[in-house]
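# What the coordinates show
Next come the chains, spelled out residue by residue.
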Amino acid sequence: MVAACVRRLVRVLLKRMNLDFQISKSFAVAMDAKDALAKYRERFHIPKTKTGDDCIYFCGNSLGLQPKSVRAYVEQELQDWETLGVEGHRHARHPWLPYHEFLTGQTARLVGAKPIEVVVMNSLTANLHLMMVSFYRPTLTRHKIVIEASAFPSDQYAVKSQIHFHGFNPSTSLIELSPQPGEDTIRTQDIETLFEKEGETIALIMLGGVNYATGQLFELDRITKAGHAKGCIAGFDLAHAAGNVILKLHEWDVDFAVWCSYKYLNAGPGSVAGCFVHERHANNPDLPRFAGWWGHDKNTRFLMGPDFHFIPGAEGWQLSNPPILPLAALRASMDIFDEAGMEKIRAKSVLLTGYLEFLLEQHRHENFSAVTPRDPLQRGAQLSIRVRRNGRALCERLAARGVICDWREPDIIRAAPAPLYNSFMDVYRFVEIFIEENRLCTLV
Ligand SMILES: *Cc1c(COP(=O)(O)O)cnc(C)c1O
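Residues numbered from 1 in each chain as written. Predicted model: local features only at pLDDT ≥ 70, side-chain atom pairs only at ≥ 80, totals over all residues. Heavy atoms only, no water.

### What to know about the overall build of the protein chain
The number of helices and strands found in the protein chain is 15 helices and 13 strands. A compact globule built from 444 residues would reach a C-alpha radius of gyration of about 22 Å, and the protein chain, at 22 Å, matches this within 12%. The C-alpha extent of the protein chain, read off along each of the three principal axes, is 70 × 60 × 40 Å. Taken over 444 residues, the protein chain has a buried fraction of 57%. In the protein chain, the proportion of contacts linking residues at least 24 apart, taken out of those at least 6 apart, comes to 71%. (Helix = DSSP H or I, 4+ residues; strand = E, 2+ residues; numbered from the N terminus. Rg over C-alpha atoms; globule rule 2.2 N^0.38 Å. Buried < 20%, exposed > 50% of the residue type's maximum accessible area, 1.4 Å probe, protein only. Contact = heavy atoms within 4.5 Å.)

Rendered as structure tokens:
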């Protein structure tokens, strides 16, 4: 139902724009002129080339750019610390004791959750482990975890170490999803078939919402539904999905999710991560968990008693009092997301990435092709471009010309136009430079 709504939204947006992309530079200029989000670009620091021009920054899927407002948000906390010391916990302009709560509403809106279902805490891989402590509870008959074969290494390490921790072996307890021979992305139907066949042995589905390598956006609602039908827990790593695509975690009935805030969310290197736990699990005392005092009932936390009483909901998984300075940066960024609105952000993103794909196809060359799904519903901002020869050199040549994207072994250049600060002209220039440099890289 909801997935259908999201699908309809994207279709309507594309249609309303009545779009036929055009190859001319004037098309990019015109698109920028009518872009409702264009004004947000100047609210970010755009890295500069040696000659002082704006770089073409297509790496927001790796590290988002700094909102100019971050400095004031962080300085406020520095100042309160300077003048108040410990009193800042209660008397800072934004008191530090409940500081993470200032982010609850925005975070819930961002991922389609109820406030009780989200919290910002720790970092991504740490949260993934905390979630698996509670939600990966293997038995002799149901002990498998499903992950993409091309999952981000940290996720691979995390799930394998959890399997070992419980005395099982990844060789028999890990199912790695791969595309069919000759294909680049994974069919939802194949995942459903797997669950039908082996669902009773699967304890946990743990996929990246958007695969970091291919840019494939998984159909999280369908996968969750098919998994639940077989009694599996469905958890997702949304590192590349949060702030990138529309998420409806509550309605999709996802069990848990984790994400970081430094990619599309622009909260700065290593900033505080996010976590979702479905309301269904909010009050379950039987879930094992690793506890810390920040997850303890707020009314009695400072009585310093020895017995742990968790806060109902995602907050109950917190361990420590959180780092306020990165949370301040996250607030600055989330204020921008709230102001711009995720639906508008996604709508522009569909166009930007579609335009990037269109221009690359107009300049088709045997040396490169995109592996990311063509369907806008099955991808976010990123296009993963397979380069057959001299890909790494090509990526370096792009960097030398102020085009920042990244290289993933063995043959992928990832390019992600971020709708809050990238323009249609960025896309136009990117393709122009990409084509020139590709030609130079393939001359010999
Ligand atoms: C970026 C990313 C990570 C990084 O993990 P950290 O704990 O934040 O260092 C992990 N998993 C995925 C899928 C990622 O995209």
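### Looking at the sheet that holds strand 9 (residues 368–370)
Strand order across the open sheet formed by four strands is 9-10-13-12, with antiparallel pairing between neighbours. Each of the sheet's edge strands pairs with one partner strand only, and the pair in question is strand 9 and strand 12 (406–408). Averaged over all pairs of adjacent strands, the angle between strand axes in this sheet comes to 30°, irrespective of strand direction. The pairing of strand 9 with strand 10 (residues 383–387) spans three bridges and is classified as antiparallel. When the sheet's bridge partners are listed, Ser369 is paired in strand 10 with Arg386. Its contacts with the sheet place helix 15 (residues 424–441) against strand 9, strand 10 and strand 13 (412–415), and it is angled at close to 145° to strand 9. (Pairing = 2+ DSSP bridges. Axes fitted to C-alpha atoms, helices over the stretch in contact; angles between N-to-C directions.)

### Some details on unusual backbone geometry
The linkage connecting Glu409 with the following residue, Pro410, adopts the cis geometry, with an omega of 0°. Here Pro410 is to be found in the loop between strand 12 and strand 13. With phi around 60°, Asn266 is a residue other than glycine that occupies positive phi space. Under the relative-accessibility criterion, Asn266 is labelled buried at 3%.

### Describing the site of the ligand
The ligand sits among Leu124, Thr125, Phe152, Asp155, Asp237, Ala239, His240, Tyr262 and Lys263. Here an oxygen atom of the ligand sits 2.6 Å away from a polar atom, N or O, in the side chain of Thr125. His240 places a side-chain nitrogen or oxygen 3.2 Å from an oxygen atom of the ligand. Contact with the protein chains covers 83% of the free accessible surface of the ligand, which is 390 Å². For the shell around the ligand, the residue count by class is four nonpolar, two polar and three charged. (Near = heavy atom within 4 Å. Polar contact = N/O pair within 3.5 Å; in protein donor to acceptor, adjacent residues only side chain to side chain. Areas by Shrake-Rupley, 256 points an atom, 1.4 Å probe, with all protein chains shown as cover. Nonpolar A, V, L, I, M, F, W, Y, C, P; charged D, E, K, R; others polar.)

### Overview of the sheet that holds strand 5 (residues 202–208)
Pairing in this open sheet of seven strands is mixed, and the strands run 2-8-7-6-5-3-4 from one edge to the other. The open sheet has two free edges, formed respectively by strand 2 (118–120) and strand 4 (174–177), since each of these has just one partner strand. This sheet shows a mean twist of 15° between the axes of neighbouring strands, independent of strand direction. Running at roughly 150° to strand 6 (residues 233–237), helix 10 (residues 220–229) makes contact with strand 5 and strand 6 of the sheet.

### With respect to the domain arrangement of the protein chain
Domain boundaries assigned for the protein chain yield domain 1 (2–65 + 341–443) and domain 2 (73–338). Between the C-alpha centres of domain 1 and domain 2 the distance comes to 28 Å. Tallying the contact residues gives 37 residues for domain 1 and 29 residues for domain 2. Between domain 1 and domain 2, roughly 2700 Å² of surface is buried when both sides are summed, and carbon and sulfur atoms account for 58% of that area. At the junction of domain 1 and domain 2, the tally comes to one salt bridge. The salt bridge partner of Asp184 is Arg386, with a shortest N-O separation of 2.9 Å. Mapped by element, the contributors of at least two residues to the side of domain 1 that touches domain 2 are helix 1 (2–16), helix 13 (342–362), strand 10 and strand 13. Looking at the side of domain 1 that touches domain 2 residue by residue, the class counts come to 18 nonpolar, eleven polar and eight charged. (Domains from an automatic or database assignment. Buried area = accessible area lost by both parts, 1.4 Å probe. Salt bridge = Lys/Arg side-chain N within 4 Å of Asp/Glu carboxyl O.)

### Regarding the pairing of strand 5
Taken across its seven residues, strand 5 has seven buried, putting it largely inside the fold. Sheet topology places strand 3 (residues 144–148) next to strand 5; three bridges connect them, and they run parallel. Looking across to strand 5, one finds that Lys144 is bridged to Ile202.

### Structural notes on the packing of aromatic side chains
Overall, the coordinates contain 17 aromatic pairs when judged by the stated rule. Here Phe152 and Tyr212 contribute two aromatic rings whose centre-to-centre distance is 5.1 Å and whose plane-to-plane angle is 75°, an arrangement assigned as edge-to-face. Of this pair, Phe152 sits in the loop between strand 3 and helix 7 (153–165) while Tyr212 is found in the loop between strand 5 and helix 10, placing the two residues 60 residues apart along the sequence. The class for Tyr212 is buried, based on a relative accessible area of 15%. (Phe/Tyr/Trp six-rings, centres within 6.5 Å; stacked < 30°, edge-to-face > 60°.)

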